[in-house]
Amino acid sequence: MNRETYQTYIDILHDELVPAMGCTEPIAIALTAARAKAYMNELPHTVNISVSGNIIKNVKSVMVPGTGGLRGIQGAAAAGIVAGDPTRELEVLTGITPEKREEIAKFIKNAKITVSEADSGRILEIGITLISDDHKVFARTVDRHTGLCLIEVDGEVVFEQKVITETGGVDHGIMSIAGIIEFADEANIDDVRDILDRQITYNTAIAEEGLKGKYGAAIGRTLLMSYGDTVHNRAKAWAAAGSDARMNGCELPVVINSGSGNQGMTASLPVIVYARELNVSMELLYRALLVSNLTTIHLKTGIGCLSAYCGAISAGCGAGAGIMYLHGGRLNEIEHTIVNALAINSGVVCDGAKASCAAKIASAVESGLLGMQMYMHGKEFYSGDGIVAGGVEDTIKNVGQLAQSGMAETDKEIIRIMLKN
C-alpha cells in the first residue's frame, strides 16, 4: 500500500473513532448550545431551536446523560446551556454535578424554549438562538455532529467556517474491502494502538455496566438469561448491553464509529468477545478491529450519517468481517461474509435513538455472524438475490442507493409518525 493511501486510512480512523458521552444527536444539540452560551455571560430567557427531521427523530426518546432523566431536545439544549463544557466536544456534558442538575431543571421551568423543524433540506442541522436581556447569540451546526459553521453575536458574525462534509474532508473514496484488508494486514500497530486501546477500554466498560445495571429493556441481560453464555450469544449480548446503558442515561463514554456510539459498540464489542474466546494475540485483535471499524465506515459512507436505514446493520456486517478475520479469513472469505450479511438484514428502519436500539444491535450482530457461518459452511447468496450484486463493492453501492434514495420518503414518514406520538 502506498504511503498516501496508508495515511488516509489512519486519518479516517482518527476522524471517526472519537469518544462521546451519550447519544450523539442530543449531545450535538448540547454542544451547539454550549458553544452559543460561551458568548453570553448570563443565562438566556429565550431559546429558539431549529433542527432537521433526523435530529428530531434521534433525540425525541433518548435520555440525556447527567440530567437525572431528562429526554428530548429541550433537555439536551438546557443541559448544554447551563452545564456544558464546549471544549470537551462530544463529551460536553461530562461531570454534571447535582447542583448543576438542579439548575438545569430550574432553567427548563423558567425559560421559554421553542423547537421547530429546519427547512434547509440538510440531514443534520442544528440552529440555536439564545436571547437574554442584553444579547442575542446564534450558533449553527451542520452535516457533522461537531460541524459548527457559524456563530453570530448581536447580529455580527464572530465565527464562520466553510461547511465540512460528513467525512470531515478526508477522502473516503479510496476505501474498498480489498484495501481495508491490505491496510489491516500491513498496518504498523503503533500507528493505531492508542485509538483502538481507547475503543476497547471505553466500549468494554459500558457493556459491563449495561449487564450489571438496570437500563432500558435490558436486552443484553435478557439474551444471556435466555440463550446462555456461548460466545455467539455473548457477542450479541455485550453489544446490546452497551446500548442498553448508553440509550438510558449512563454517563460512561464510548468510542463512536461514523458518528454513532451504537455503531461504535456494534463494530467493536463482538470482535473483542470473540478475540477473548479464541485467545488470540492483542496484535490480531487490533488488526481485526481495523477490519471491522473500516468496513463499517465504508458501508456508512454511501448511506450517510443519518437516514431511515438502521446504522447498526452496517456495523453488524463490520463485526462479522472482523470476526472472520480472527478466524483466518481474508479477502474472499470476508467479502462473502459482508454480502451474506447485507442480504439478510438490509432495510431495517431507524425510528430514532431509544431503548429498542439494543435489540436491533443484537439482530445486526446475528446477521454478521450468520453471514460468516454461511460461508464457513459453503453457503452464500448470489448476484440477483434481491439487492446482491456481482461483487462486494457493487452490493455496497446498492445498499447506499437503497438507504439514500429508496428510503428517503420512508425517513420522512417515520418522522411524521413519531411526531404524532
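Look above for the structure.
What comes next concerns the included structure. (Residues numbered from 1 in each chain as written. Predicted model: local features only at pLDDT ≥ 70, side-chain atom pairs only at ≥ 80, totals over all residues. Heavy atoms only, no water.)

1. Regarding the overall build of the protein
- From N to C terminus, the protein includes 16 helices and eight strands.
- Here the C-alpha coordinates of the protein stretch approximately 70 × 45 × 45 Å along the principal axes.
- A burial count over the protein gives 57% of its 421 residues as buried.
- Carbon and sulfur atoms form 49% of the exposed surface of the protein, whose accessible area is close to 16,300 Å².
- Computing the positive centroid from 36 side-chain charges and the negative centroid from 49, the protein places the two 7 Å apart. (Helix = DSSP H or I, 4+ residues; strand = E, 2+ residues; numbered from the N terminus. Buried < 20%, exposed > 50% of the residue type's maximum accessible area, 1.4 Å probe, protein only. Areas by Shrake-Rupley, 256 points an atom, 1.4 Å probe, with all protein chains shown as cover. Lys, Arg positive; Asp, Glu negative; His and termini not counted. Charge placed at Lys NZ, Arg CZ, Asp CG, Glu CD.)

2. Section: helix α15 (residues 392-406)
- In a regular helix each residue adds 1.5 Å, so 15 residues correspond to 21 Å; α15 covers 20 Å between its end C-alpha atoms and thus fits that length.
- Among the residues of α15, those classed as buried are V392, T395, I396, V399, G400 and A403. Along the axis of α15, the buried residues cluster in a sector spanning 145°; they form a single face. Turned more than 90 degrees away from the buried face of α15 sit K397, Q401, S405 and G406, all of them exposed.
- Against the buried residues of α15 lie α6 (177-186), α11 (282-303), α13 (331-345) and α16 (408-420). (Expected span 1.5 Å × (residues − 1). Arc of directions from axis to C-beta. Contact = heavy atoms within 4.5 Å.)

3. Describing the environment of R287
- One can find R287 in helix α11.
- Measuring from C-alpha to C-alpha, the distance between R287 and G322 comes to 8.3 Å, with 35 residues separating the pair along the chain.
- Beyond its immediate stretch of four places on either side in the chain, R287 contacts A184, D185, E186, A187, I189 and Y325.
- There is a polar contact of 2.9 Å between the side chain of R287 and the backbone oxygen of A187. (Polar contact = N/O pair within 3.5 Å; in protein donor to acceptor, adjacent residues only side chain to side chain.)

4. Points about unusual backbone geometry
- In this structure, D143 is a non-glycine residue whose phi angle is positive, near 70°.
- Along the chain, D143 turns up in the loop between β5 (136-142) and β6 (148-153).
- Overall, the relative accessible area of 17% leaves D143 in the buried class.
- Within the chain, A218 stands out as a residue other than glycine whose phi angle is a positive 50°.
- Mapping A218 onto the fold places it in the loop between α7 (193-212) and α8 (219-227).

5. Remarks on the packing of aromatic side chains
- Applying the stated criterion across every chain yields a total of two aromatic pairs.
- Between Y6 and F183, the ring centres sit 5.2 Å apart and the planes meet at 50°, which makes this aromatic pair tilted. Of this pair, Y6 sits in helix α1 (residues 3-16) while F183 sits in helix α6, placing them 177 residues apart in sequence. Taken individually, Y6 and F183 each receive the classification buried, so the pair is uniform in this respect.
- Look at Y9 and F183: their rings are 5.1 Å apart centre to centre, the planes differ by 25°, and that puts the pair in the stacked class. In this pair, Y9 sits in helix α1 while F183 sits in helix α6, placing the two residues 174 residues apart along the sequence.
- Assessed through its relative accessible area of 0%, Y9 is described here as buried.
- Through a chain of ring-to-ring contacts, three or more aromatic side chains come together here, namely Y6, Y9 and F183.
- Here the basic side chain of R330 rests over the ring of Y325, its NZ or CZ set 3.5 Å away from the ring centre. (Phe/Tyr/Trp six-rings, centres within 6.5 Å; stacked < 30°, edge-to-face > 60°. Lys NZ or Arg CZ within 6 Å of the ring centre and 35° of its normal.)

6. Here's the deal with the sheet that holds strand β4 (residues 125-131)
- Overall, mixed pairing links the six strands, which are arranged β3-β2-β4-β5-β6-β7 in an open sheet. The open sheet has two edge strands with one neighbour each: β3 (112-117) and β7 (156-160). Each adjacent strand pair in this sheet contributes to an overall mean axis angle of 15°, direction not counted.
- Here six bridges tie strand β2 (residues 46-51) to β3, and the two strands are oriented parallel to one another. In the strand pairing of β3, N48 is matched with T114.
- On the sheet, helix α4 (residues 72-83) packs against β2, β3 and β4 and is oriented at approximately 125° with respect to β2. (Pairing = 2+ DSSP bridges. Axes fitted to C-alpha atoms, helices over the stretch in contact; angles between N-to-C directions.)

7. Describing empty space enclosed by the protein
- Applying the stated criterion to the full structure yields one cavity of 30 Å³ or more.
- Empty space within the largest cavity amounts to approximately 310 Å³.
- In this structure, the largest cavity is lined by 30 residues; those nearest its centre are N58, S260, Q263, G311 and C350. (1 Å grid on protein atoms, 1.4 Å probe; cavity = no way out; pocket = protein on both sides within 12 Å on 5 of 7 lines; lining within 4 Å. Points joined across faces, edges and corners; volume = space filled by probe spheres on them.)

8. A word on α1
- Taking 1.5 Å per residue as the helical rise, α1 with its 14 residues ought to reach 20 Å, and the 20 Å between its terminal C-alpha atoms agrees with that figure.
- Residues Y6, T8, Y9, I10, I12, L13 and E16 constitute the buried set of α1.
- Taken together, the buried residues of α1 touch α6, α7 and α11.

9. Observations regarding the pairing of β5
- Two strands pair when backbone bridges link them, and β4 and β5 are joined in this way by seven bridges, in the antiparallel orientation. Paired with T129 across the bridge in β5 is F138.
- Here β4 hands over to β5 after four residues, the two strands then running antiparallel side by side.
- Both β5 and β6 contribute to a ladder of five bridges, which runs antiparallel. Of the residues in β6, the one forming a bridge with R140 is L150.
- Counting the residues in the hairpin turn of β5 and β6 gives five residues, including D143, whose phi is positive at 70°.

10. Concerning the nonpolar core
- Formed by 124 residues in total, the largest nonpolar core has its most connected members in I29, L93, F183, L294 and I334.
- Among the elements that take part in this core, α11 stands out by supplying 10 residues, more than any other.
- Among all residues touching I334, those that are not within four sequence positions of it are I177, I181, V291, A321, M324, Y325 and G329.
- I219, A237, A240 and A362 belong to the second-largest nonpolar core, a separate cluster that totals six residues. (Core = buried A, V, L, I, M, F, W, Y, C linked by side-chain atoms within 4.5 Å.)

11. Here's the deal with a negative patch on the surface
- Taken together, the side chains of D133, D134, D154 and E156 present a region of like negative charge at the surface.
- With respect to the helices, strands and loops of the structure, E156 is situated in strand β7. (Patch = residues over 30% accessible without salt bridge, like charges linked within 9 Å, V, L, I, M, F, W, Y side chains within 5 Å. Salt bridge = Lys/Arg side-chain N within 4 Å of Asp/Glu carboxyl O.)

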